Amino acid sequence: RHYCRDYLGFGGIQTGLILTTETIAAVLSPLILIFLADRVIRVERLLMMNELAVFLVLSLIPFFRSFAPVFFLFFIFNIFHKPDFALINALTFRNLSGRGRNDYGKFRVWGTLGWIGAAVFFSCIWMNPAVVLPFERNFGGLFHVAGGAAFLSALIIFRGLCHFRQDRSQ
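For clarity, every value in this text was computed on a predicted model and none was experimentally measured.

Given two aromatic rings, their pairing is described by the distance between the two centres and the angle made by the two planes. Tallied over the full model, the rule gives six aromatic pairs. Ring centres of Phe 55 and Phe 151 lie 4.9 Å apart, and the angle between their planes is 45°; this geometry places the pair in the tilted category. Taken together, the residues Phe 55 in helix 3 (residues 43-60) and Phe 151 in helix 7 (residues 139-169) connect sequence positions 96 residues apart. On the numbers, 5.6 Å between centres and 35° between planes, the contact of Phe 67 with Phe 71 is tilted. In this pair, Phe 67 and Phe 71 both sit in helix 4 (residues 67-81), four residues apart, roughly one turn of the helix. The class for Phe 71 is partly exposed, based on a relative accessible area of 29%. A connected cluster of aromatic rings, assembled from ring pairs, spans Tyr 3, Tyr 7, Phe 74 and Phe 143.

Here it is as structure tokens:
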């Protein structure tokens, strides 16, 4: 909301339309991408491609300042980002065998702590003008950091796919 309203200068209706893309994507993307995961492509590869798409879109957003491209990019971002949680849960449950399924809570706790850590960093450090940072503090930089995290996630998934292929070939 702040990025659209304060940084880009969009009005209330334009900001509301951009924020609506999240809700629309929350309905559409699981239907489309989960169908693909079941019938066309393995979940691991779909998740990796989603993360790469998120990286690309987040890297592009700061370069646009007019409504139509920002709206379109936020919509594409949300289409690829929304099914991540469901895909990650599917992978987790597939890889936890028998008794290991009881360990799901331990994995979820680490995911939740990661979200809390990111929120604390961005709200208490990045957005706090009293904290001196070695780089320029701006909203566009947030998209680059988030895109970098998505790219790192894609690399981790790719590494897992490579190890999975090696394990199956032995």
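Right, let's get into a nonpolar patch on the surface. Together, Ile 24, Val 27, Leu 28, Leu 31 and Ile 32 give the surface a local cluster of nonpolar side chains, amounting to about 450 Å² of exposed area. For Ile 32, the location among the structural elements is in helix 2 (residues 12-39).

It is worth spelling out the pattern of salt bridges at this point. All told, the structure shown has two salt bridges when counted by the stated rule. Between Glu 22 and Lys 82 there is a salt bridge, and its shortest N-O distance comes to 2.8 Å. Linking Glu 22 in helix 2 with Lys 82 in the loop between helix 4 and helix 5 (84-95), this pair joins segments that are 60 residues apart in sequence. Its relative accessible area of 39% is what places Glu 22 among the partly exposed residues. Across the pair Glu 44 and Arg 42 runs a salt bridge whose closest N-O atoms are separated by 3.3 Å. Its relative accessible area of 36% is what places Arg 42 among the partly exposed residues.

Turning next to the confidence of the model for the protein. Summing up the model confidence of the protein, the mean pLDDT is 83 and the portion of residues at 70 or higher is 89%. Predicted confidence in the protein is weakest over helix 7, with a mean pLDDT of 78, and strongest over helix 4, with 94.

The biggest cluster of nonpolar side chains holds 15 residues, and the ones touching the most others in it are Tyr 3, Ile 61 and Phe 74. If you list the elements that add at least two residues to this core, you get helix 1 (2-7), helix 3, helix 4 and helix 7. Here this core gets four residues from one element, more than from any other, and that element is helix 4. In this structure, Phe 74 is in contact with Tyr 3, Ile 18, Thr 21, Ile 61 and Phe 143, ignoring residues within four places of it in sequence. Ala 37, Val 43, Leu 91 and Ala 154 belong to the second-largest nonpolar core, a separate cluster that totals twelve residues.

Close contact between helix 3 and helix 4 brings their axes to 9 Å; oriented N to C, the two are set at 160°. In terms of orientation, helix 3 and helix 4 fall into the roughly antiparallel class. Like other packed secondary-structure pairs, helix 3 and helix 4 cross with a definite hand, here left-handed. Facing helix 3, whose interface residues are Asn 50, Ala 53, Val 54, Val 57, Leu 58 and Leu 60, helix 4 presents Leu 73, Ile 76, Phe 77, Phe 80 and His 81. Split by residue class, the contact of helix 3 with helix 4 holds nine nonpolar, two polar and no charged.

Conventions we followed
Residues numbered from 1 in each chain as written. Predicted model: local features only at pLDDT ≥ 70, side-chain atom pairs only at ≥ 80, totals over all residues. Heavy atoms only, no water. Phe/Tyr/Trp six-rings, centres within 6.5 Å; stacked < 30°, edge-to-face > 60°. Helix = DSSP H or I, 4+ residues; strand = E, 2+ residues; numbered from the N terminus. Buried < 20%, exposed > 50% of the residue type's maximum accessible area, 1.4 Å probe, protein only. Patch = residues over 30% accessible without salt bridge, like charges linked within 9 Å, V, L, I, M, F, W, Y side chains within 5 Å. Areas by Shrake-Rupley, 256 points an atom, 1.4 Å probe, with all protein chains shown as cover. Salt bridge = Lys/Arg side-chain N within 4 Å of Asp/Glu carboxyl O. pLDDT = per-residue confidence, 0-100. Core = buried A, V, L, I, M, F, W, Y, C linked by side-chain atoms within 4.5 Å. Contact = heavy atoms within 4.5 Å. Axes fitted to C-alpha atoms, helices over the stretch in contact; angles between N-to-C directions. Parallel < 35°, antiparallel > 145°, perpendicular 65-115°, else oblique. Left-handed = near helix turned anticlockwise from the far one by under 90°. Nonpolar A, V, L, I, M, F, W, Y, C, P; charged D, E, K, R; others polar.

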